[in-house]
Amino acid sequence: MKSKTLLFSILFFAWYAIGHTQGTPTSVTATLFSPNSFQHAKIKEYHYPTTICCYIYDTVEDQYTSAFSYQNDTIMKSKIIFLSGYIVNDFAIANDSVFFCGYDINQRGIIGFFSIHDLFYNDGNFYIQNNFIARDEDYNYYDVERFTKLVTLTNNNNERHIVCIGYTTASTVFRMACMVDFHTSSLPFPDATRPISPWSYESGLLFKRMPHYLLDIAIVGDYIITAGFNEYDKISLRKHNVQNVFGLSGPQNQTLTFDIFAPSYTGPKKWNNDELLLTAYTGDTFAIAATWIDNNGLKPRRAINISEYRINPLNGTFSTSTLVFKTLNILGFPNEVSLKGFCGNRWTRKLALLFEGRSTNDSIRSIFLETTRLLTLPRANLNKYTYFNESLDAGLGGIDLFNNHSQYVMAGRHEHPTSIHTFRVETSGVNSLCQPLVNCAFTTLPNISASYSTKTFTIMGGIGNVQSIPRLNRLYYDINIDCEE
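Residues numbered from 1 in each chain as written. Predicted model: local features only at pLDDT ≥ 70, side-chain atom pairs only at ≥ 80, totals over all residues. Heavy atoms only, no water.

Let's talk about the pattern of salt bridges
Put simply, the rule is: Salt bridges, as used here, are contacts in which a Lys or Arg side-chain nitrogen is within 4 Å of a carboxyl oxygen on Asp or Glu. For helices the rule is a DSSP run of H or I covering at least 4 residues; for strands it is a run of E covering at least 2, with both sets numbered from the N terminus onward. Note on exposure labels: buried denotes an accessible area under 20% of the residue type's maximum, exposed denotes more than 50%, and partly exposed covers the range between, all computed with a 1.4 Å probe on protein chains only.
With the rule as written, the count across this model stands at 13 salt bridges. Measuring nitrogen to oxygen at the nearest pair gives 2.7 Å for the salt bridge that ties Arg302 to Glu275. With a gap of 27 residues between them, Arg302 in strand β22 (residues 301-310) and Glu275 in strand β20 (residues 270-280) connect regions that are remote in the sequence. A relative accessible area of 24% means that Arg302 is categorised as partly exposed. Owing to a relative accessible area of 9%, Glu275 belongs among the buried residues under this scheme. Members of the salt-bridge network, linked through shared partners, are Glu275, Arg302 and Glu336.

Listed below in C-alpha cells is the structure:
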C-alpha cells in the first residue's frame, strides 16, 4: 500500500478500463479537507474522469445552503460553487447540464438546472423555478412543498423533461404525494446563450396519499417507474410512458402492490415505509432495496431486502412475481441504520449498495456491497480512511457508475469533523485492496403475491417561471490520497 498527496482530480487520473495496464489502480480512497461542515454528498460521473458532486451544507432555517463541485484531472483541483437559500435533494447530468430538485428557504419545491461549462468556467448562474401547484379531485389547490427525487430525458420531439416526485404542503390532514413533469415547450435544453426557454409543467396529485407512496423514481426502457409503499405499507409500483408522462390513456393510474408474507411466516413482516431505493438494471428489469423490521430474534432489528422485478417488453405490463427476493445479512452488523445509494450495473451484471450498519458494539459504519444480479456471491467492505494514523469511518452517501461502467465512484463525509470530504473508487468484480472485507450472505424469502389496484392522479397544468439565481463564491481545494492500489 502506498500513501501520497496529490492535487485534486477527484482521485481520478488516467484510470483505464479493467485490464488495460497492470499498473492501473483498482481501489482508491481519498479525502478533502475544507473549513465548512456539510451533511450529505452525492456524486455523478460527468465525462470520465471528471465528476460532479452535490453537497448539502446547512439545513438550519433561514440558512439553507447547498453546493456543487467540479473535478477534473487537467486542473487537478476540486472547484466548489455555493447556492444559498436552497436545499438540493437530487440531481442528474445530461449532456453539458445538471438538473436538480429540492426545496427553498420558504418551503417550496424547486426544480433547477445549470450549464456545467458556463457555471464552472464562466460567470454562469443557476436557473430555478419554485412555484409549483397541484390540485386534488375536489379542486383544492396545494403548493408543492418539496421534491425528493428526479429523472430527466428528451422525448421524441427533442423536448427536455425533468420529472420529479415529492409532496405538497399539508392539507387539513397531511401532506400528499405528487409528481411533476417540468419540460420545455418546444426546444431542447438551451445552451448558455439561451438559458431560459419556454417551460411549462403538469402536476399529478395522489389525493389523500402520503409521501411514502412515491419514494424513488427511475427510467426503465420506455417507462418511468416509481416505487413506494401504499397505505398498508406494502411495496407498490407504478409506471408512466416516457413520451407522455400524464397521458389520458397512459398506465400511470394502475398500481401493482406486492403483499407481505402470510401470518404463518415467522420472519420479517413490517416494512419501514420511509426507506426505499430503486435502480434500473436493464431495459426491462429493475431492482429495489428496502428495509423492514425483523422480529425474528430477542429484539427487533432493521434488515435489508433486495428484490428484482420485470416489465414485459411486449406490452409494458409488470410481472406479478418477483425475479429475486432476498434478505441481506452482514456479519458483525446485525442492524441496518439507513440506505444511502443503490446502483445497477448492467454491463457487469452486478448490483451495488451503499448503506450504514450498526455493529454489535453499537458503532455505526459505512458499508459498500456489490453482488451479482441474482444476489449470489456478494462481497462487502467497510468504508474507512486514515487520519493521523487513526482509522475513521468514511460515511459515504453517494454512488455512481464510473470509468466506462467498470468501476464505482463514491463520495461522502466523516461524522467528526464533518468538514472532511471522503471519496472512494472500486473496480467491479474485484476485491478491494484498500478496504477491509466484511462477510455477508443472502437468505431467500418465500414468494409473495401481487395485485393491481387503481389510485388515480389528478392532473393540472402550469406555466414556467424560471428565475436566474446568482451563484456564491467559487473555492478550490486539494485532495489527499489515503490509499491507492
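So that's the structure; there's more coming.
Details of the state of the cysteines
Basically, it comes down to this: Only a pair of cysteine sulfur atoms within 2.5 Å counts as a disulfide in this structure description.
Overall, the coordinates contain 1 disulfide when judged by the stated rule. The side chain of Cys434 participates in a disulfide bridge whose partner is Cys483; the two sulfur atoms lie 2.0 Å from each other. Between Cys434 and Cys483, the S-S torsion sits near -80°, and that sign places the bridge as left-handed. Taken together, the residues Cys434 in the loop between β32 (420-427) and β33 (437-438) and Cys483 in strand β39 (residues 479-484) connect sequence positions 49 residues apart. Overall, the relative accessible area of 8% leaves Cys434 in the buried class. Looking at Cys483, the relative accessible area reads 2%, which means it is buried. Of all cysteine sulfurs, the one in Cys164 lies closest to Cys101, which takes part in no disulfide; the gap is 4.4 Å. Given a relative accessible area of 0%, Cys101 falls into the buried group.

Topic: the pairing of strand β19 (residues 254-258)
Formally: The criterion for strand pairing is that DSSP finds at least two bridges linking the strands in question.
Burial of β19 is extensive: 4 of the 5 residues sit out of reach of the surface. The sheet contact formed by strand β18 (residues 235-241) and β19 spans 2 bridges and is antiparallel. Along β19, the bridge assignment pairs Leu237 with Leu256. Bridge count for β19 against strand β35 (residues 450-454) is 5 bridges, and the pairing is antiparallel. Bridge assignment links Gln254 to a residue of β35, and that residue is Thr454.

Some details on the environment of Trp347
Note the following rule: In what follows, a contact means two residues having at least one pair of non-hydrogen atoms within 4.5 Å.
Within the secondary structure, Trp347 is located in the loop between β24 (335-345) and β25 (350-358). For Trp347, a relative accessible area of 52% translates into the label exposed. When the C-alpha positions of Trp347 and Leu278 are compared, they lie 18 Å apart, and in sequence the two are 69 residues distant. The residues contacting Trp347, other than those within four sequence positions of it, are Leu401 and His405.

Examining the sheet that holds strand β16 (residues 216-220)
Heads up, the rule is: Each axis is a line fitted through C-alpha atoms, taken for helices only over the stretch in contact, and angles between the N-to-C directions span 0 to 180 degrees.
Spatial strand order, β16-β17-β18-β19-β35: 5 strands in an open sheet with antiparallel pairing. Of all strands in the sheet, those bounded by a partner on one side alone are β16 and β35. The average angle at which neighbouring strand axes cross in this sheet is 25°, direction not considered.

Quick notes on the sheet that holds strand β21 (residues 285-294)
The antiparallel open sheet is built from 5 strands, whose spatial order is β20-β21-β22-β23-β34. Looking at strand neighbours, the two that pair on one side only are β20 and β34 (440-444), the edges of this open sheet. Between one strand axis and the next, the sheet turns by 25° as a mean value, whatever way the strands run. Relative to β34, strand β23 (residues 324-330) runs antiparallel, the two sharing 5 bridges. Along β34, the bridge assignment pairs Leu328 with Phe442.

Comments concerning the nonpolar core
Basically, it comes down to this: Only buried Ala, Val, Leu, Ile, Met, Phe, Trp, Tyr and Cys residues count toward a nonpolar core, and they belong to the same one when joined by side-chain atoms within 4.5 Å.
Core analysis: the biggest nonpolar cluster contains 26 residues, and Ile225, Ile235, Leu237, Phe286 and Ile288 have the highest contact counts within it. For this core, the secondary structure elements donating two or more residues are β16, β17 (223-229), β18, β19, β20, β21 and β22. When near neighbours in sequence (up to four residues on either side) are disregarded, Ile225 contacts Asp216, Ile217, Ala218, Val220, Arg238, Lys239, Leu278, Phe286, Ile311 and Phe318. By size, the runner-up hydrophobic cluster in this structure holds 24 residues, among which are Ile111, Val144, Leu205 and Val466.

Considerations on empty space enclosed by the protein
Applied cut-off: Both cavities and pockets are sets of points on a 1 Å grid over the protein atoms alone; in a cavity a 1.4 Å probe fits but cannot get out, in a pocket the set is open with protein on both sides within 12 Å along at least five of seven lines, and lining residues sit with an atom within 4 Å of a point. Grid points are joined across faces, edges and corners, and a volume is the space filled by probe spheres set on the points. Throughout, the ten residues Ala, Val, Leu, Ile, Met, Phe, Trp, Tyr, Cys and Pro are labelled nonpolar, Asp, Glu, Lys and Arg are labelled charged, and all others, Gly among them, are labelled polar.
With the rule as written, the count across this model stands at 3 cavities of 30 Å³ or more. Taken as a whole, the second largest cavity holds about 40 Å³ of empty space. Thr29, Ala30, Asn383, Lys384, Tyr385, Ala394, Leu396, Thr422, Phe423, Arg424 and Gln435 are the residues that line the second largest cavity. Elements with a contribution of two residues or more to the lining of the second largest cavity: β2 (27-33), β28 (384-387) and β32. Looking at which element gives the most residues to the lining of the second largest cavity, the answer is β32, with 3 residues. Taken together, the residues of the lining of the second largest cavity sort by class into 5 nonpolar, 4 polar and 2 charged.

As for the environment of Ala441
When you line up the elements, Ala441 lands in strand β34. By relative accessible area, which is 38% here, Ala441 ends up partly exposed. When the C-alpha atoms of Ala441 and Leu331 are compared, they prove to be 8.4 Å apart, with 110 residues separating the residues in sequence. Other than its neighbours up to four places away in sequence, Ala441 contacts Thr327, Leu328, Asn329 and Pro378.

Details of the packing of aromatic side chains
In plain terms, the rule: The pairing test for Phe, Tyr and Trp rings, Trp by its six-membered ring, is centres within 6.5 Å, and the orientation test on the planes gives stacked under 30 degrees, edge-to-face over 60, and tilted for anything in between. Comment: the charge-over-ring label is applied if NZ (Lys) or CZ (Arg) is within 6 Å of the ring centre and within 35 degrees of the ring normal.
Counted by the stated rule, this structure contains 32 aromatic pairs. Ring geometry for Phe68 and Phe100: centres 5.5 Å apart, planes at 50°, overall tilted. Linking Phe68 in strand β5 (residues 65-72) with Phe100 in strand β8 (residues 97-104), this pair joins segments that are 32 residues apart in sequence. As far as burial versus exposure is concerned, Phe68 and Phe100 are alike and both buried. Aromatic ring contacts, followed pair by pair, group Tyr46, Phe68, Tyr70, Phe91, Phe100, Phe114, Phe120, Tyr121 and Phe126 into a single cluster. Positioned above the aromatic ring of Phe91 is the side chain of Lys44, whose terminal nitrogen or guanidinium carbon lies 5.9 Å from the ring centre. The side chain of Lys79 reaches across the aromatic face of Tyr121, ending 3.9 Å from its centre.

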